[in-house]
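Breakdown of the fold
The residues making up each chain are set out below.
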Amino acid sequence: MAETYSGVRESKSGRVNDYGGSSKAAEESFRKGCLKRADRSFAQGLQCQQINSMAALMSLEDAVFIAHSPQGCIGCTSLAVDMYRVGQAHRGVKHIKNPHIIVTNLDQKSVIFGGEKKLRDSVQKAIERYNPKMIFVFASCASGVIGDDIDAICADLQKSADAVIVPIHCEGFKSKICASGFDAAFISIQKYILSKVQAEKKDNLVNLFAPVSISYADQKEMERMLGLLDIETNYIPFYSSLEKIKKIPSAAASTSICKVFADEFMNSLEKEYGIPYSHTVMPIGLRNTDKWFRGIAQVMGKEKEADEIINREHERITPLVQKIRERLQGKRVFICGGTGRSFAAAALIDDFGMELVGLETPTYDDDAQVDIEYLNGIHKDFVVDIANMQPFEQVNLIKKLKPDVFIGVPEWAAKLGLPTTHVLDMKRPTMGYDGLIYLGNKIADQLENPGFNKKLAAHVRLPYKDSWYEEDAFKYIVGGGANV
Ligand code: SF4
């Protein structure tokens, strides 16, 4: 019998989320099967998978999002709300809306007596207030620990509701890999929405899965590129709708903008509906954009056309890349981002002749191994920190490695006075051939204008003792065999 995927990324063998050491050692150890799962005896907080489940769906039209949790669990949604509002502005929406978020506010009493009534009341309120087409119910650590049966409650409420009610099992404690939250959301979409859909096939339709962190400029660039191959794009679930979700089984193929977004879902769409998919890289930088574009073209049988387009785009873009290269050549870089972005950014800096000295990313697995092999081929040995957050390790490494520039989630590096460029920029272009030029110029501009971060560093004290910077950055990683 086929194994059903649980949505917990750690359940797949060969996936490691705590490692610190050299890139060459990581590659070698993984190849030999010696890179084992480790843990940290001290950690500075993780991103919770519930926020990823919520953020992935939060821009869907006619939807209500109910967190069956204490109030604090939805604190991080403010980031996704901001992205949703900015995304509307970029799309020309005049009357900008907030997403409809309800929290059931589980408290001490609910933990003892159960939270069923609160959840039922919340669904009722969602229907009365917003008359939605979809209601998503997100589990939390608290609802999971007390054993509220959200599936049964939603099934019972569904009998009298017009809206589709979708329970999502994203209890924070289930996974240390926040991308598990994406998987939990897609598993429920498949089970509660797609299972009832009878779809007619469309030969030129491609599902393009995109997370919340993709800017509108990047969406347009991806759609432009696919349009050059006469492909119609079903862009989901970001800024989409129930109708667009129901179109998923009609597609001739699927691809994703991010490596850890919808990869498991695309796999199950292939098994369930026979929809082939391309799973390559995030289209950041010349090499990755080519690879991503060729990947989906190959699945659609349009490789020849893709090669012609790639040649034309290279002719257009190469002189511009060369100009940026003159500004960035030889600069030493530290990169920190999600699994898809950090590896993509590492490939991007090669376009500009920069040198990679450190890379921080949440997971290491077969996909990461392919990227590390490639990066080891073009860079000298660099430091790899496999970590979900953990700023104390990052600042320790930055102090020691002394990069010229930091690319990624910039808060901590900026406080050290380094020029920083956010690679997870959901408001500006990053991807495709045009995104490459924008991002390259942005990195160069930051390097030439580091004043803000320098002033910030002069006025901010990080919470670590000087002695920490003398310590081994990875001293709290325990186990794992190959960890150093
Ligand atoms: S679901 Fe759990 S890990 Fe996530 S925010 Fe709530 S308490 Fe924290």
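In this text the structure is predicted, and so the values were computed from the model without any measurement. Counting restarts for each chain: residues are numbered from 1 in the order of the written sequence. Local features in a predicted model are, by the rule used here, given only for residues with pLDDT of at least 70; side-chain atom pairs are given and counted only at 80 or more, and totals for whole chains, interfaces and linings are based on all residues. Computation of side-chain values: all heavy atoms of the structure, hydrogens and water removed.

1. Observations concerning the site of the ligand
Condition: Note on definitions. A residue lies near a molecule or strand when any single heavy atom of the residue is within 4 Å of it. Classification convention: Asp, Glu, Lys, Arg as charged; Ala, Val, Leu, Ile, Met, Phe, Trp, Tyr, Cys, Pro as nonpolar; all other residues, Gly among them, as polar.
Inspection of the region around the ligand gives Cys48, Cys73, Ser140, Cys141 and Gly172 as its neighbouring residues. Residues that form the shell around the ligand fall into these classes: three nonpolar, two polar and no charged.

2. Some remarks on the domain arrangement of the protein
Counted only if it meets this: Note that the domain bounds reflect an automated or database-derived domain assignment. Contact between two residues is taken to exist if any of their heavy atoms lie within 4.5 Å; hydrogens are not considered. By buried area we mean how much accessible surface two parts lose on assembly, using a 1.4 Å probe and totalling the loss over both. In what follows, salt bridge is the name for a side-chain nitrogen of Lys or Arg lying within 4 Å of a carboxyl oxygen of Asp or Glu. Throughout this description, a polar contact denotes any pair of N or O atoms lying within 3.5 Å of each other; where both atoms belong to protein, one of them has to be capable of donating a hydrogen while the other can accept it, and for residues adjacent in sequence the pair is counted only when both atoms sit in side chains.
Taken domain by domain, the protein holds domain 1 (49-196) and domain 2 (318-478). Summarising the inter-unit geometry, the C-alpha centres of domain 1 and domain 2 are found 33 Å apart. In this complex, domain 1 contributes seven residues to the contact, which on the side of domain 2 involves four residues. For the pair domain 1 and domain 2, the summed buried area comes to about 500 Å², and 70% of that belongs to carbon and sulfur atoms. A per-residue breakdown of the area domain 1 buries against domain 2 is headed by Met83, His90 and Ile177, which together make up 51% of the total. Along the contact surface separating domain 1 from domain 2 lie zero salt bridges. The interface formed by domain 1 and domain 2 holds one residue pair in polar contact (both at pLDDT 80 or more) in total. Of the residues belonging to the side of domain 1 that touches domain 2, the class tally is four nonpolar, one polar and two charged.

3. Details of a nonpolar patch on the surface
Selection rule: Two distance rules govern patches: like charges are joined within 9 Å, and nonpolar side chains (Val, Leu, Ile, Met, Phe, Trp, Tyr) within 5 Å, applied only to residues with over 30% relative accessible area and no salt bridge. Shrake-Rupley sampling with a 1.4 Å probe provides the accessible areas, and residues are treated as covered by the protein chains on show and by no other component. Only DSSP runs of H or I reaching four residues or more are called helices, and only runs of E reaching two or more are called strands; each is numbered from the N terminus. Buried means the residue's accessible area, taken with a 1.4 Å probe over protein chains only, is under 20% of the maximum for its type, while exposed means over 50%, and partly exposed covers the values in between.
Taken together, the side chains of Val111, Ile112 and Phe113 present a nonpolar region at the surface, about 370 Å² in accessible area. Within the element layout of this structure, isoleucine 112 appears in helix α4 (residues 108-113). Given the relative accessible area of 64%, isoleucine 112 is considered exposed.

4. Regarding unusual backbone geometry
Backbone torsion omega between isoleucine 236 and proline 237 reads -10°, so that peptide bond is classified as cis. On the secondary structure map, proline 237 appears in strand β8 (residues 232-237). Its identity as a non-glycine residue notwithstanding, asparagine 131 has a phi of 40°, on the positive side. Despite not being glycine, alanine 262 shows a phi value in the positive range, around 70°. By relative accessible area, alanine 262 is classed as buried at 0%.

5. Brief notes about the sheet that holds strand β10 (residues 277-278)
Across a sheet, strands are paired by hydrogen bonds formed along the backbone, either parallel or antiparallel in direction. Just so we agree on the cut-off: Pairing between strands is defined by DSSP: at least two bridges between them are needed. Between the N-to-C directions of two axes lies an angle of 0 to 180 degrees, each axis being a line fitted to C-alpha atoms and, for a helix, fitted only over the stretch in contact.
Taking strand neighbours across the sheet as the criterion, the four strands line up as β8-β7-β9-β10 in an open arrangement whose pairing is parallel. A single partner strand is all that each edge strand has here, and the edge strands are β8 and β10. Bridge analysis of strand β9 (residues 253-256) against β10 gives two bridges, and the strand direction is parallel. In the strand pairing of β10, threonine 255 is matched with serine 278. Along the sheet, helix α12 (residues 286-299) makes contact with β7 (205-210), β9 and β10, crossing β9 at roughly 170°.

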